[in-house]
Amino acid sequence: MKTLIIDDERLARNELRRLLENFPKIQIIGEAANADEALPMIEELEPELLFLDIQMPGKNGFELLQSIEGKTPEVIFTTAYDEYAIKAFEFNALDYLLKPVELARLSEAIHRVEEEQHVPEASGMSGGISSKILGENDQVFVKDGEKCWFVKLGKVRLFESMGNYVRLYFDDQKPLVLKSLNALEDRLNPATFFRANRKHIINLQWIEKIEPWFSGGLLVTLRGGDKIEISRRQAIRFKDLLSL
């Protein structure tokens, strides 16, 4: 699993790299001391996993994640402070390790990474065989509390990340499923469903209007009135995908 270590303390990076030698499935492809170094590396190297410090000069770890355009890697936070734990999980963090990182605790975190890789589709929303790519004609079972739906994916106009959950928008319903937006994106047919930004996937067939937006982005209006911003980088992909 391609992994990037982001921490402003060189000794902390070295120690984590040493501990990670115990896990052959983790391939460290680079290190960064701050967000400004990390962002171009994330875009170029496309890591699958980040070990991310929170307090760093310039942008902190949370601000770094908010700056990533397109698909965000899985994240394990490493920090000397425990007061950020709740906020960390609002960012879909797989785990939260307190420094100094202990090997046994790191092993638990790596195990979570492996579980996420192997069974991201196992809960919340199911379309049958777990590896199957889902298109507009597939029907999925959705359960939110006591309510259940068996809905055709073509009717879902929007998926919205809500912490560790994803909200589905169809008809006048907005159920939540326990799943990350990244895991869901891996299941959806990219010819129909497009990752507009860090928080949203849109159904291309529900687009009613497209307008230029700030910083080279686009503003899309879906049938039903939902307005979703397509980030600058995703706008380039969007135009490539839909141009003649």
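All values derive from a computational prediction rather than experimental measurement.

**Concerning the sheet that holds strand β9 (residues 158–162)**
1) Next: Taking strand neighbours across the sheet as the criterion, the five strands line up as β11-β10-β9-β13-β12 in an open arrangement whose pairing is antiparallel. Strand pairing shows two members of the sheet lacking a second neighbour, β11 (176–178) and β12 (193–195), which therefore form its edges. Across the sheet, the axes of successive neighbouring strands diverge by a mean angle of 25 degrees, strand direction being ignored.
2) Next: As judged from the three bridges shared by strand β10 (residues 165–169) and β11, these two strands associate in the antiparallel manner. Residue pairing for β11: Tyr165 is matched across the bridge by Leu178.

**Some details on the packing of aromatic side chains**
1) Next: Scanning the model with the defined rule gives seven aromatic pairs in all.
2) Next: Here Tyr81 and Tyr84 contribute two aromatic rings whose centre-to-centre distance is 6.4 Å and whose plane-to-plane angle is 80 degrees, an arrangement assigned as edge-to-face.
3) Next: An angle of 70 degrees between the planes, with centres 5.7 Å apart, marks the rings of Phe159 and Phe193 as edge-to-face. You can see Phe159 sitting in strand β9 and its partner Phe193 sitting in strand β12, a full 34 residues away along the chain.

**What to know about the sheet that holds strand β14 (residues 207–212)**
1) Next: As summarised here, the arrangement of the three strands in space is β14-β15-β16, forming an open sheet in which the pairing is antiparallel. If you trace the sheet from one side to the other, it starts and ends with β14 and β16 (227–230), each paired once. Neighbour-to-neighbour, the strand axes of the sheet open up by a mean angle of 25 degrees, direction not taken into account.
2) Next: Looking at chain direction, strand β15 (residues 218–222) and β16 are connected through four bridges and run antiparallel. Among the inter-strand pairings, Leu219 is bridged to a residue of β16, identified as Glu229.
3) Next: Running at roughly 95 degrees to β16, helix α7 (residues 232–242) makes contact with β14, β15 and β16 of the sheet.

**As for the confidence of the model for the protein**
1) Next: Here the protein averages 88 in pLDDT, and 93% of its residues register 70 or above.
2) Next: Across residues 119–124 the pLDDT falls below 50, and counting only partners more than four positions away or on other chains, this stretch makes 14 contacts in the model.
3) Next: Segment residues 126–130: pLDDT under 50, and 11 contacts once partners within four positions in sequence are set aside and those in other chains are kept.

Rules used throughout
Residues numbered from 1 in each chain as written. Predicted model: local features only at pLDDT ≥ 70, side-chain atom pairs only at ≥ 80, totals over all residues. Heavy atoms only, no water. Pairing = 2+ DSSP bridges. Helix = DSSP H or I, 4+ residues; strand = E, 2+ residues; numbered from the N terminus. Axes fitted to C-alpha atoms, helices over the stretch in contact; angles between N-to-C directions. Phe/Tyr/Trp six-rings, centres within 6.5 Å; stacked < 30°, edge-to-face > 60°. Contact = heavy atoms within 4.5 Å. pLDDT = per-residue confidence, 0-100.

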